[in-house]
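Structure assessment
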Amino acid sequence: MIEHPEVDVVTVGAGWTAGIAAQQLTAQGLTVVSIEKGRAQWTWPDFAHNHDELRFTARHELMHEIERETWTWRPNDRMPSLPMRQYGAFHPGSNVGGAGVHWSAVMWRFLPTDFDYLSHHTERYGRDLLPDGHSNQDWPVGYDELEPHFTQFEVDTGMSGQTGNLNGEILEGGNPYEGPRSRPYPLPPLAPTRAGLRFAEAAEALGYTPFVQPSSILSEGYTDMSGEPRAGCVYCGFCTRYGCHVDAKSSALTAHIPMALDTGRYEIRTRCYVTRIPVDDTGLATGIEYLGPDGREHFQPARTVLVSGYTMSNVRLLMLSTSDAHPDGIGNARGQLGRNATHQIWQQPTIGRFDGERFNTYMGNTSTSHAIYDFAGDVFDHSGLGFIGGGQLFADAGERLPIGTVEGIPTAQGEGAETADGEPREWGQAFKDRIRHWDSYIPITMQAESPAYEFNRFDLDPTYTDFLGRPLLRITFDWTDNERRMYAFIAERAMEIMDRMQPTARVDNPEIEPYNVVDYQSTHIQGGAIMGTDPSNSVTNRYGQVWDAPNVVVTGAALFPQNPGANPTATVNALMYHTLEAMREQNYFRAPGELLS
Amino acid sequence: MTGTLATAAVVPGCTTDRATVPGPQEGPSAVPQPGVQVPEATGAATRFLNPDQYELLEAMAARLIPGDEDDPGAVQAGVVDYIDRLLATHEGYPQRTYTMGPFARGYEGDEEPPAEPGIVWVPADELDRYGWQAGQTPRELYRMGLARFQELVAARHGGASFVELSEDEQDALIEAIEDDEDDDVGEIFDPIPAGTFFELVHKHVVEGFLADPMYGGNRDMIGWRLIGFPGAQRAYSPEEMVDPDFSRPPQSLAMLPMLHGAHRGDTTALGSVRRRHPNGPID
Ligand SMILES: Cc1cc2nc3c(=O)[nH]c(=O)nc-3n(C[C@H](O)[C@H](O)[C@H](O)COP(=O)(O)OP(=O)(O)OC[C@H]3O[C@@H](n4cnc5c(N)ncnc54)[C@H](O)[C@@H]3O)c2cc1C
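Description of the structure in this document. (Residues numbered from 1 in each chain as written. Chains lettered and ligands numbered in written order. Predicted model: local features only at pLDDT ≥ 70, side-chain atom pairs only at ≥ 80, totals over all residues. Heavy atoms only, no water.)

1. What about the site of the ligand?
Residue and element names in this part refer to chain A. The full set close to the ligand counts 36 residues, and T17, E36, V106, S313 and T569 are the nearest of them. Backbone polar atom of W16 to an oxygen atom of the ligand: 3.1 Å apart, as the coordinates give it. Take I35: an N or O atom from its main chain is 3.4 Å from a nitrogen atom of the ligand. Protein burial of the ligand: of its 1,000 Å² of free accessible surface, 98% is covered by the chains. Contributions of two or more residues to the shell around the ligand are made by α1 (16-27), α4 (99-102) and β12 (273-276). (Near = heavy atom within 4 Å. Polar contact = N/O pair within 3.5 Å; in protein donor to acceptor, adjacent residues only side chain to side chain. Areas by Shrake-Rupley, 256 points an atom, 1.4 Å probe, with all protein chains shown as cover. Helix = DSSP H or I, 4+ residues; strand = E, 2+ residues; numbered from the N terminus.)

Put into structure tokens, the structure is as follows:
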């Protein structure tokens, strides 16, 4: 074992949250090392010439190395678990910057009622509406407490959007349901798409409030916290699953990591795979063990360990770090580790084809499309509906690339052969004629909530292992009737909007697709090391510190008790800011211990 | 600049003659664009497929995305050359794939079959939810799949080969492996599911039709022209985003100008684009 000199903080990976921590901690004079399994990558030159769908989207160039370490899944404990052998439902990242490089950068703050979730719902509807077997709970932090951190992050990196609620005043053109903001978005929203406008017109006619989605992509030139000016979006259409070639899409590479490196107190070690968090007799972490690119084992001692490798990696690493002090893994003394695994509904309730029109769907990105929030969270009355939870609807017609999108185009009546299952065959002359309409269809996509249940969880797989022979993380997860009803209700609203849009052909999916790991379903996997008010309901406190090992700090969406129907990173990063502020104010590094609330 | 691009895009390797197989096409008819260089129809040596496999796969591709000189399809786009190149590398795994066993096998009915080493039994109708579970490499699947497909053709058509059949007969056979419901299909293909083989071929044909031409398919950007995709572009304006009449001729990655006119490694012409960080990690 090669032992390195001790540092103040060692992080798992060099992704979004690790980058933020490195910037703030080194600014205070502390030393930080990140142990990153992937390679180095920078806007220049790595993203300058990457407009290649096959390499980046179809072959997952920037993603986690599942050939070495994947995840197994089963719908419930009566079914066998099998490994995800090729990419499907989610696409975690690798390399410097993590998933926060190839992300879409749609940037929602969660709604205030997403935080006091359980008490809010019980108060408004009583206990009866909560689904059987649910394990939802309140977050130990609320929207108001996180608000300054959302705002700080937005200003630090630059963000585009139309303000909907400024200090309680509802403003025209934005999301009227968002929590009150203390200041407007730093930049105006991104340019809209034709498809988004078409969707917005129909939604508005039905009494809803469409708006362009908020985004961490710059709509105009902006000088971020690093003092370097960055260019606005050029709508090239190679966005999600790509690094941005003009630096308009914010990531840890655009400000935080370069600033940390500039201090000389930060080091990133690439191609180093973290295997374990060793602890001392009292159960406190002593650093990180990893496999180096030299094929040897290394030990990086540190006073504090940031578990910042994205949801599944974080939960698994805590589980694998067994010792006398933590026989079942760090944070698992009370069986809390792995609880409340959630995912998200990301499906297309309806797709319309508009013959004779072209929507330029290959331009822009996801956030250039209009969305409605009228059926998100608890902004609508759920009384008598038989479910909790909600979701947003948006016109999914930006950054369309051909290989992955020529299948599923709606067929007109009698247009081509059908499979034994009654689906149109995606080949033959009819298929060829159909894909001439490739730029003429608009899906309405639903991104919706995933409440937490006792039976949906992470643990270690008894059969399958990684390249080092250590157990893979097993995901046990399925939808319940609550989500089936939620989906059906919101899908009906989507279909009504599509009625108004008057397509020439359409496909409706009124029922939720059974959960599977094949169809992409968002990389918003959450829970497993959730934060809570005390050790009996959680793995960490409100700052992500593991209850029995407070110098082990978990970051990211593993902390979320349940999963609101919106992209997570604004909240992920606001929580990181929140923890770093508490560390600063409470002089945590003088004697790393539990932060006070 | 175009000169270098042309060399980069040509399928290398012309040592032997794929004698028994005619050249994939007599030249695509789509009008070549100035500055567009595409791999030529060379009849070049294949890297993985033997002549019979090449011929069969090309005949299948011709049904999956039909075409002729006036309205080119998969064959004119060179998708079989794309597949041949793909199979020449990494056991034919073009994408990240976890390959450790045990492997799943579907069963019908309520009773789970007795345990067997190396097999995980899964109810057949649930298997789809788990995604790719094949225990064979793509190379093995192509070798076995093509041979078994030809066996199926021969069994159903008195020893004929696929290329001799009518288009309707060919379509019916492809439908049979896509649906994978008939007894003879299951028996002939066992142990590889015919549907898995079909999906693999289908997926690769679509890729070869629509991926950047540098991978050997999408010759002359035939696929992109068909669907109206401009390919690799640096930028569109907010006005263009909402222009109902917008169109731009397609451009491959090799035609995409270097950023800010800079050459690789020249970091002086970057404008606002961040430099590689001097203290950055070595890699
Ligand atoms: C395709 C895609 C689209 C997305 N779109 C959006 C969006 O529009 N809006 C939004 O809010 N969020 C989006 N996200 C989610 C967002 O990317 C994440 O929430 C965010 O990156 C999480 O930050 P993190 O620090 O927790 O992890 P990451 O940023 O993923 O960083 C984790 C890092 O740790 C490294 N690592 C992990 N395990 C190890 C190990 N054992 N050893 C060494 N290194 C390790 C990884 O290689 C990686 O670099 C998207 C994600 C994906 C994949």
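From this point, the discussion proceeds with the structure in view.
2. Focus on unusual backbone geometry
The omega torsion across B:G101 and B:P102 is 0 degrees, close enough to zero to call that bond cis. Within the fold, B:P102 resides in the loop between α4 (79-87) and β1 (103-107). Here B:D190 and B:P191 are connected by a cis peptide whose omega angle stands at 5 degrees. Positionally, B:P191 belongs in the loop between α7 (183-189) and α8 (194-210). Unlike most non-glycine residues, A:D247 shows phi in positive territory, near 75 degrees. As for its placement among the helices and strands, A:D247 is situated in the loop between β10 (229-230) and α9 (256-262).

3. Brief notes about the interface of chain B and chain A
It is common to give the size of an interface as the accessible area lost on bringing the parts into contact. Between chain B and chain A, the residue contacts involve 92 residues of the former and 97 residues of the latter. When chain B packs against chain A, the two sides together hide about 7,900 Å² of surface, and 58% of this comes from carbon and sulfur. Linking chain B with chain A are seven salt bridges. Close ionic contact of A:K432 with B:D71 constitutes a salt bridge, the shortest N to O distance being 3.3 Å. Between the two partners, chain B and chain A, sit 38 residue pairs in polar contact (both at pLDDT 80 or more). (Contact = heavy atoms within 4.5 Å. Buried area = accessible area lost by both parts, 1.4 Å probe. Salt bridge = Lys/Arg side-chain N within 4 Å of Asp/Glu carboxyl O.)

4. What about the sheet that holds strand β16 (residues 370-372) of chain A?
Whenever strands of a sheet pair, they do so through backbone hydrogen bonds, lying parallel or antiparallel. All names here are of chain A. One open sheet accounts for six strands, arranged β8-β16-β17-β18-β15-β21; its pairing is antiparallel. Each edge of the open sheet carries a strand with a single partner, namely β8 (211-212) and β21 (505-508). Looking at chain direction, β8 and β16 are connected through two bridges and run antiparallel. Looking across to β16, one finds that F211 is bridged to A371. Strands in contact with helix α8 (residues 194-205) are β16, β17 (391-395) and β18 (441-448); relative to β16, the strand with the most contacts, it is inclined by about 30 degrees. (Pairing = 2+ DSSP bridges. Axes fitted to C-alpha atoms, helices over the stretch in contact; angles between N-to-C directions.)

5. Concerning the nonpolar core
Judged by nonpolar contacts, the single largest core of 232 residues is most densely connected at A:I497, B:F149, B:I177 and B:F189. What B:I177 contacts, discounting residues up to four positions off in sequence, is B:M60, B:F149, B:L152, B:V185, B:F189, B:A194, B:G195, B:F197 and B:F198. The next biggest cluster of nonpolar side chains, apart from the first, holds six residues, and it includes A:Y117, A:L118, A:L129 and A:I388. (Core = buried A, V, L, I, M, F, W, Y, C linked by side-chain atoms within 4.5 Å. Buried < 20%, exposed > 50% of the residue type's maximum accessible area, 1.4 Å probe, protein only.)

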